[in-house]
Amino acid sequence: MTLPDDGPLDAQDSKPTNMTDGTAHTPDPESLAFASDTGAKTSTWTALGITLVIIGWMGSGFFLPAEVTNEEVVSNAPLPIAVSVRQSDARPVTLFFNAEGQALPDRDTEIRAEASGQITEIIAGMGDFVEEGAVIARLDSEEAEANLAQALQEVARTTRDLENAETLLERGVATVDRIEQARSALVQAQSQLTAAESAIANSTIVAPFDGRIEVLDLDPGEFIQTGATVGRIVDNSPLTVSFQVPQQSLTRLESGQTATVTFITGEEREAVVTFVGTSAAQATRTFLAEVSLPNEDGAIAAGLSAEISIPTNQIEAHFLSPSIVSLNSDGQLGVKTVDDEDIVHFYAIEVVSAEIDGIWVTGLPDSIRLITIGQGYVNDGDTVRPQIEDAS
């Protein structure tokens, strides 16, 4: 193999190493230096250039930041909160005034004796329905009948005296004073007859009006005095139900309105408002009102508790579940909705009617998207991701 000619060597370099005596001969460092090495210089500059390129590339991010697209910004931004929404449209609803009252009879009065005497006969009893004028009991009337007979005779006698006096006056025998005395006696006799007839009438105890005898405290042979209470009669047809109206509801009621009355027994009847008071009770500041209903068969007893429901007017309202109602920062009761741009809005509401499965409220637009799930995590003005509520 032929070695390249790297130039002349020094004489010392050409001497062979003497290994025969076991010692090594160290060459001179200067004798190992190359006078000219082109390959070494090229490698050095190449490495330097690569290093500069890497440093420049790494530093370019600080001085020349990469341009970020809108798509990348959007993809890295957090998504709006997802909420469930349900479409709600206002519907007509009838408002009712509801109250609790008590059934009252149309007429309720005590039965009193109009004369003194001994009870000889009891014709009606407690619980009987009687007509006006029907005899309930009779008193001993012997004395009254005797007085009546005497009064009749006296009226007959004074009548004859007056006729005779008038005849004599025509003949010129009697005087005008005699005529006047006869006439006065006749009037007095007629008055006694009227009293006797009244005593006979009062010897019977009669019903003052059609009704049911609720109390009758009489025994045969009992002596009673004039004016003594002997019983009680009640007329339940028609039946009246009275109730109290708060001040704020007074303008909603007027006579002639229809009403539904539900009694504690479960029976339900249609009624009509017959009275609305105009003077408030001092203690309660409420107004008395009454409704009247037919009760010909007397099936509904007076004194029963009842619930009165009166339709007052009709409005447009939304039917909501109470679970979606919340309070805003001002303490107002309301609900949260989502508009067409998916922005949350809070609307204050007013509850106008309540039912078992929900409430009717006003204060909302006619058509809205109600937030049914997630309303507690969003506020008025937030953007959300609405998801239609599963109908099931």
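Data block above holds the structure.
Quick caveat, the model's predicted, so the values are computed rather than measured.

Engineer: Honestly, the overall build of the protein in this entry has me stumped. Any pointers?
Structural biologist: The helix and strand tally for the protein stands at four helices and 22 strands. Here the analysis covers contacts within the protein between residues at least 6 apart in sequence; of these, 72% occur between residues at least 24 apart. Of the roughly 25900 Å² of accessible surface on the protein, a fraction of 53% belongs to carbon and sulfur atoms.

Engineer: When you look at the packing of aromatic side chains in this model, what are you seeing that I'm missing?
Structural biologist: Any aromatic ring pair is given by two values, namely how distant the centres are and how the planes are angled relative to each other. Counted under the stated rule, the structure contains two aromatic pairs. Measuring from centroid to centroid gives 6.2 Å for Phe97 and Phe243, while their planes differ by 40 degrees, and the two rings are tilted. In this pair, Phe97 is assigned in strand E2 (residues 91–104) and Phe243 in strand E11 (residues 239–245), connecting sequence segments 146 residues apart. Across the pair, Phe243 and Phe97 agree in class, each one buried. Taking 4.9 Å as the distance between ring centres and 55 degrees as the angle between the ring planes, the aromatic pair formed by Phe319 and Trp360 counts as tilted. Here Phe319 is found in strand E15 (residues 305–320), whereas its partner Trp360 is found in strand E20 (residues 358–362), with 41 residues between them in sequence. For Trp360, a relative accessible area of 9% corresponds to the buried category.

Engineer: Which parts of the structure should I look at to understand helix H3 (residues 142–171)?
Structural biologist: Helical geometry: 3.6 residues make up each α-helical turn, so side chains three or four residues apart lie on a common side. For H3, with 30 residues, the first-to-last C-alpha span of 44 Å sits near the 44 Å given by 1.5 Å per residue. All of the buried residues along H3 are Ala144, Leu148, Ala151, Val155, Thr158, Leu162 and Ala165. The secondary structure elements touched by the buried residues of H3 are helix H4 (176–202). Positive backbone phi, approximately 90 degrees, marks Gly172, located one or two places after H3.

Engineer: Would you take a moment to explain the pattern of salt bridges for this structure?
Structural biologist: Charged atoms that come close allow side chains of opposite charge to pair. As enumerated under the stated definition, the model contains 12 salt bridges in all. The salt bridge partner of Asp235 is Arg107, with a shortest N-O separation of 2.9 Å. Residue Asp235 is found in strand E10 (residues 229–235), and its partner Arg107 is found in strand E3 (residues 107–112); the two are separated by 128 residues along the sequence. For Asp235, a relative accessible area of 8% translates into the label buried. Here Arg138 and Glu121 are joined by a salt bridge, their closest N and O atoms 3.1 Å apart. In this pair, Arg138 is assigned in strand E6 (residues 135–139) and Glu121 in strand E4 (residues 117–122), connecting sequence segments 17 residues apart. Beyond isolated ion pairs, a larger network of salt bridges with shared partners links Glu154, Arg157 and Asp161.

Engineer: It is not clear to me how a negative patch on the surface should be interpreted in this structure. Could you clarify?
Structural biologist: A cluster of like negative charges, contributed by Asp140, Glu142, Glu143 and Glu145, occupies part of the molecular surface. In this fold, Glu142 is placed in helix H3. Here Glu142 falls in the exposed class, since its relative accessible area comes to 60%.

Engineer: Can you help me understand the layout of surface pockets in this one?
Structural biologist: Where empty space is left in the structure can be found by rolling a water-sized probe over the atoms. Its boundaries defined by the atoms lining it, the second largest pocket holds a volume of some 310 Å³. In terms of lining, the second largest pocket is formed by 22 residues, of which the most central are Phe129, Arg212, Val234, Asp235 and Asn236. Every element with two or more residues in the lining of the second largest pocket is listed here: strand E5 (129–130), strand E8 (211–216) and E10. Here the residues of the lining of the second largest pocket are counted per class, giving eight nonpolar, five polar and nine charged.

Engineer: It is not clear to me how the sheet that holds E5 should be interpreted in this structure. Could you clarify?
Structural biologist: Consider a sheet: its strands pair through backbone hydrogen bonds, and that pairing is either parallel or antiparallel. Spatially, E3-E10-E8-E5 is the arrangement adopted by the four strands of the open sheet, whose pairing is antiparallel. Two strands lie at the open edges of the sheet, namely E3 and E5, each paired on one side alone. Across two bridges, E5 lies against E8 in antiparallel orientation. Bridged to Val130 within E8 is Gly211.

Engineer: Quick question: what am I supposed to make of the environment of Val155 here?
Structural biologist: In this fold, Val155 is placed in helix H3. We classify Val155 as buried; its relative accessible area is 15%. Sequence-wise, Val155 and Ser191 are 36 residues apart; in three dimensions their C-alpha atoms are separated by 9.0 Å. Apart from the residues lying within four places of it in its own chain, the contact partners of Val155 are Leu186, Ala189, Gln190 and Leu193.

Criteria and cut-off values
Residues numbered from 1 in each chain as written. Predicted model: local features only at pLDDT ≥ 70, side-chain atom pairs only at ≥ 80, totals over all residues. Heavy atoms only, no water. Helix = DSSP H or I, 4+ residues; strand = E, 2+ residues; numbered from the N terminus. Contact = heavy atoms within 4.5 Å. Areas by Shrake-Rupley, 256 points an atom, 1.4 Å probe, with all protein chains shown as cover. Phe/Tyr/Trp six-rings, centres within 6.5 Å; stacked < 30°, edge-to-face > 60°. Buried < 20%, exposed > 50% of the residue type's maximum accessible area, 1.4 Å probe, protein only. Expected span 1.5 Å × (residues − 1). Salt bridge = Lys/Arg side-chain N within 4 Å of Asp/Glu carboxyl O. Patch = residues over 30% accessible without salt bridge, like charges linked within 9 Å, V, L, I, M, F, W, Y side chains within 5 Å. Lys, Arg positive; Asp, Glu negative; His and termini not counted. Charge placed at Lys NZ, Arg CZ, Asp CG, Glu CD. 1 Å grid on protein atoms, 1.4 Å probe; cavity = no way out; pocket = protein on both sides within 12 Å on 5 of 7 lines; lining within 4 Å. Points joined across faces, edges and corners; volume = space filled by probe spheres on them. Nonpolar A, V, L, I, M, F, W, Y, C, P; charged D, E, K, R; others polar. Pairing = 2+ DSSP bridges.

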